[in-house]
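# Overview (structure and organization)
Given next are the chains, with one letter for each unit.
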There are 2 protein chains.
Amino acid sequence: MSLSFCFIGAGNLATHLSKAFKNSGYKISQIYSRTEESAKELAEILSTNFITSINEIDNHADIYFVALKDSAVEEVLSKINFNNKLIIHCSGSLPLTVLENYSDNIGVFYPLQTFSKNRDVEFNEIPIFVESNSDKNEQILLQLARKISNSVTVMNSEKRKMLHISAVFACNFVNHFYTIAADILKSKDISFDYLKPLILETAKKIQELEPEKAQTGPAVRFDENTINAHYNELNNFCDYQQLYMSVSKSIFEHYKK
Amino acid sequence: MSLSFCFIGAGNLATHLSKAFKNSGYKISQIYSRTEESAKELAEILSTNFITSINEIDNHADIYFVALKDSAVEEVLSKINFNNKLIIHCSGSLPLTVLENYSDNIGVFYPLQTFSKNRDVEFNEIPIFVESNSDKNEQILLQLARKISNSVTVMNSEKRKMLHISAVFACNFVNHFYTIAADILKSKDISFDYLKPLILETAKKIQELEPEKAQTGPAVRFDENTINAHYNELNNFCDYQQLYMSVSKSIFEHYKK
């Protein structure tokens, strides 16, 4: 059975997910995005068609993948007649139930990874979390997920939301701290390259050690002199100065217990 | 010329650094630590002697490596007669000048990495930053550093302090966010293992992309609904709830520019 997919959205996630499905032999019949540039770019990669008008959505696709930012999902879906076909959203935070009004066949397909368009990822190592409204749909989702990944788990909406929050800390907030580090270094004309081995080792360390046991640095040593000296040194970076103290205090509280 | 080193301190950094020197053919003549367990453990690894009384420090070593927490450095040094031998501290934040009162030959040797005793690291990939009070001493420091690392740079105290602050963000604060993520997952009985590929990819990504361009997630998309939903979901983690909002706002401010 060769299923055909319509992708609603052409951002980072849609790009990587649709490519992974195409590489596993599925047919991507159509890409929709409001933004012509994104729609066209992805359609070219997949050798398929794109549309920018929601009225032209193909009613014959077997499965609709919704990979939009959370706030846009309901508005876009309300404009489409899905004829009870399977609709799948890819959001960590939205519950399955946001799809209830649009079809009797609904599911969630959440790949836990950070995707940037111009960087390839190995999809088979990415944990995928699925959820759906019936055993039949769950089997379809599991089958799809197992075609592209070796780590597939059924998880409900409530747990998935907490998983997403933890991922925001472990990825987005972490990356913001890399950005802050880069900003601080730039102010003294020091290359960010020097931090790269440290950043990599910090991430590798917790593949084996619990992060709680991997902690080092002035805050976990309760080294107030160093913390205060760092705080004063950051007086040209008011925003970062506040964050420096909040996170140091949080580390302090954690290890005081 | 076979130099002999005395290590003052037997913590994470002293352990890894003294092992790297021993593996490069240098002689570690003595380990001092107030804590007998640490001193003994490291001395056994290095097949050398340890002392826990500062009066027994060997006056015949060629070089003294001071690897103590910053707040302990001056107190310990004031009790030792170094006979003008070369004293080297390994701190990111302390200036070279803290050593001025204890010898005419002083230097700094700062390896930029996170060290845990029970985890091996490849020393030759670790950037080492050196500084000293004379060309002669600088040459000695450069020679020592190049024996164990392929990345050796002369850097003054002011720049080194900023480098250290950036490392606190990129490593210690990052690791604390891994710990927070683990705590959040634990509350819903979800395995931390699911986050490991995401954490590794986040660190690998910025080896090639600038961190500013690698950012993803709700805050950089200005997705207020998701941010507010996450905030409310964290109401059992008051401390993390505040951090969630502070960091989201900082991301928001950064990309608004």
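Residues numbered from 1 in each chain as written. Chains lettered and ligands numbered in written order. Predicted model: local features only at pLDDT ≥ 70, side-chain atom pairs only at ≥ 80, totals over all residues. Heavy atoms only, no water.

## Considering the overall build of chain A
To keep it simple, the criterion reads: Numbering goes from the N terminus for both helices and strands, where a helix is a DSSP run of H or I of at least four residues and a strand is a run of E of at least two. For each residue, the accessible area found with a 1.4 Å probe, counting protein chains only, is set against the maximum for its type, and the residue is called buried under 20%, exposed over 50%, and partly exposed in between. All accessible areas in this document rest on Shrake-Rupley with a 1.4 Å probe, and a residue is counted as covered only by the protein chains that are shown.
In terms of regular secondary structure, chain A is built from nine helices and eight strands. Overall size of chain A, expressed as C-alpha extent along the three principal axes, is 65 × 40 × 30 Å. By the burial criterion, 58% of the 257 residues in chain A qualify as buried. When the accessible surface of chain A is split by element, carbon and sulfur atoms take 42% of a total near 11,000 Å².

## Remarks on the pattern of salt bridges
How we decide: Put simply, a salt bridge is a Lys or Arg side-chain nitrogen that is within 4 Å of an Asp or Glu carboxyl oxygen.
All chains considered together, the criterion is met by 20 salt bridges over all chains. Of the charged contacts, one joins Glu201(A) and Arg119(B) as a salt bridge, the two residues approaching to 2.7 Å between their closest N and O atoms. Highlighted residues: Glu201(A) in helix H6 (residues 196-208) and Arg119(B) in the loop between strand S6 (106-111) and strand S7 (128-132), drawn from two different chains. Each member of the pair, Glu201(A) as well as Arg119(B), is classed as buried.

## Let's talk about the packing of helix H8 (residues 224-233) of chain A against helix H5 (residues 157-187) of chain B
For any two helices packed against each other, one specifies the inter-axial angle together with the distance between the axes. Quick note on the threshold: Every angle, taken between N-to-C directions, lies between 0 and 180 degrees, and every axis is a line fitted to C-alpha atoms, over only the stretch in contact when it is a helix. Oblique is the label for any angle not covered by the other classes, which are roughly parallel (under 35 degrees), roughly antiparallel (over 145) and roughly perpendicular (65 to 115). Throughout, a contact is declared for two residues whenever any of their heavy atoms are within 4.5 Å. Residue polarity is assigned by list, with Asp, Glu, Lys and Arg as charged and Ala, Val, Leu, Ile, Met, Phe, Trp, Tyr, Cys and Pro as nonpolar; anything else, Gly included, falls into the polar class.
Interhelical geometry of H8(A) versus H5(B) gives an angle of 105° and a closest axis separation of 11 Å. Relative to H5(B), the element H8(A) lies roughly perpendicular. Taken together, the residues of H5(B) that come into contact with H8(A) (itself represented by Thr226(A), Ala229(A), His230(A) and Glu233(A)) are Lys161(B), Met162(B), His164(B), Ile165(B) and Val168(B). A per-class count over the contact of H8(A) with H5(B) returns four nonpolar, three polar and two charged.

## Details of the relation of the copies chain B and chain A
Counted only if it meets this: All copies are superposed by least squares; the fitting set is the C-alpha atoms of residues with a pLDDT of at least 70 in both.
Least-squares fitting of chain B to chain A yields an RMSD of 0.0 Å, with the superposition described by an axial translation of 0.0 Å and a rotation of 180°. Here the symmetry operator amounts to a two-fold rotation axis. Residue Val174(B) of chain B places its C-alpha closer to the rotation axis than any other residue of that unit, at 2.6 Å. When the interface residues of chain B are mapped onto chain A, 100% of them again fall at the interface, so both copies present the same face.

## What about the packing of aromatic side chains?
Under the convention used in this document: Ring geometry is summarised as follows: Phe, Tyr and Trp rings, the Trp one being its six-membered ring, pair when their centres sit within 6.5 Å, and such pairs are stacked at plane angles under 30 degrees, edge-to-face over 60 and tilted between the two.
Inspection of the entire model under this criterion finds 39 aromatic pairs over all chains. Ring plane angle 85° and centroid distance 4.8 Å describe the contact between Phe129(A) and Tyr194(B), whose orientation is recorded as edge-to-face. Taken as a pair, Phe129(A) in strand S7 (residues 128-132) and Tyr194(B) in the loop between H5 and helix H6 (196-208) lie in two separate chains rather than in one. Pairwise contacts between aromatic rings join Phe169(A), Phe173(A), Phe177(A), Tyr244(A), Phe169(B), Phe173(B), Phe177(B) and Tyr244(B) into one cluster.

## As for the sheet that holds strand S1 (residues 4-8) of chain B
Residue and element names in this part refer to chain B. Note the cut-off: Strands were regarded as paired on the criterion that DSSP finds at least two bridges between them.
Read from one edge to the other, the open sheet built from eight strands follows the order S3-S2-S1-S4-S5-S6-S7-S8, with strand pairing classed as mixed. Only two strands of the sheet have a single partner each, and these edge strands are strand S3 (49-51) and strand S8 (152-154). Each neighbouring strand pair of the sheet contributes to a mean axis angle of 25°, computed without reference to strand direction. Relative to the sheet, helix H1 (residues 12-23) contacts S1, strand S2 (27-32), strand S4 (63-66) and S6, its axis offset from that of S1 by approximately 170°. Along the sheet, H5 makes contact with strand S5 (86-89), S6 and S7, crossing S6 at roughly 25°.

## A short note on empty space enclosed by the protein
Formally: Points on a 1 Å grid, built from protein atoms alone, make a cavity when a 1.4 Å probe fits but cannot get out and make a pocket when they are open with protein on both sides within 12 Å along at least 5 of 7 lines; residues with an atom within 4 Å of a point are the lining residues. Grid points are joined across faces, edges and corners, and a volume is the space filled by probe spheres set on the points.
Applying the stated rule across the entire model yields one cavity of 30 Å³ or more. Reported here for the largest cavity is a volume of approximately 30 Å³. Counting only elements with at least two residues in the lining of the largest cavity, the list comes to H6 of chain A together with H5 of chain B. Considering every element that reaches the lining of the largest cavity, the biggest residue donor is H5(B), with three residues.

## Section: the sheet that holds strand S1 (residues 4-8) of chain A
Residue and element names in this part refer to chain A. The strand order across the open sheet formed by eight strands is S3-S2-S1-S4-S5-S6-S7-S8, and the pairing between neighbours is mixed. A single partner strand is all that each edge strand has here, and the edge strands are strand S3 (49-51) and strand S8 (152-154). With strand direction ignored, the average angle separating the axes of adjacent strands in the sheet is 25°. Relative to S3, strand S2 (residues 27-32) runs parallel, the two being bridged by three bridges.

## Quick look at the interface of chain B and chain A
To be explicit about the condition: Whenever a nitrogen or oxygen atom comes within 3.5 Å of another N or O atom, the pair is scored as a polar contact, on the condition that within protein one atom can donate a hydrogen and the other can accept it, and that pairs from neighbouring residues in sequence are kept only if both atoms are in side chains.
Listed as interface residues are 93 residues of chain B and, on the opposing side, 93 residues of chain A. For the pair chain B and chain A, the interface holds eight salt bridges. For Glu233(A), the salt bridge is made with Lys161(B), and the minimal N-O distance between the two is 3.4 Å. Applying the counting criterion to the chain B and chain A interface returns 37 residue pairs in polar contact (both at pLDDT 80 or more). For the side of chain B that touches chain A, the leading source of residues is H5(B), giving 28 residues. Residue composition of the side of chain B that touches chain A, grouped by class: 46 nonpolar, 27 polar and 20 charged.

## Digging into helix H4 (residues 135-148) of chain A
All names here are of chain A. The condition that has to hold: Here the expected span of a helix is defined as 1.5 Å times the quantity of residues minus one. In this context, the arc is that of the directions from the helix axis out to the C-beta atoms.
A rise of 1.5 Å per residue sets the reference length of H4, with its 14 residues, at 20 Å; its end C-alpha atoms lie 20 Å apart and thus fit the reference within 8%. Along H4, the residues that are buried comprise Asn137, Leu141, Leu142, Leu144, Ala145 and Ile148. Looking straight down H4, one finds its buried side chains confined to an arc of 165°; they lie on one side. Opposite the buried face of H4, at more than 90 degrees from it, the exposed residues are Asp135, Lys136, Gln143 and Arg146.

## Re the environment of Asn83(A)
Residue and element names in this part refer to chain A. Note on placement: asparagine 83 falls in the loop between helix H3 (70-77) and strand S5 (86-89). The class for asparagine 83 is partly exposed, based on a relative accessible area of 46%. Note: C-alpha distance between asparagine 83 and serine 103 (20 residues apart in sequence) is 7.1 Å.

## Describing the side chain of Thr15(A)
Relative to the elements of secondary structure, Thr15(A) occurs in helix H1 (residues 12-23). Among all residues touching Thr15(A), those that are not within four sequence positions of it are Ala10(A), Leu42(A) and Lys117(A).

## Brief notes about the packing of helix H5 (residues 157-186) of chain A against helix H9 (residues 238-256) of chain B
The test is simple: Should the near helix be turned counterclockwise from the far one by less than a right angle, the crossing is left-handed, whereas a clockwise turn marks it as right-handed.
Relative to each other, H5(A) and H9(B) sit at 50°, their axes nearing to 11 Å. The angle between H5(A) and H9(B) places the two elements in the oblique class. Read as a crossing pair, H5(A) and H9(B) show a hand that is left-handed. From H5(A), Val168(A), Phe169(A), Asn172(A), Phe173(A), His176(A), Phe177(A), Thr179(A), Ile180(A) and Asp183(A) reach across to H9(B), where they touch Tyr240(B), Leu243(B), Tyr244(B), Val247(B), Ser248(B), Ser250(B), Ile251(B), His254(B) and Tyr255(B). Split by residue class, the contact of H5(A) with H9(B) holds eleven nonpolar, six polar and one charged.

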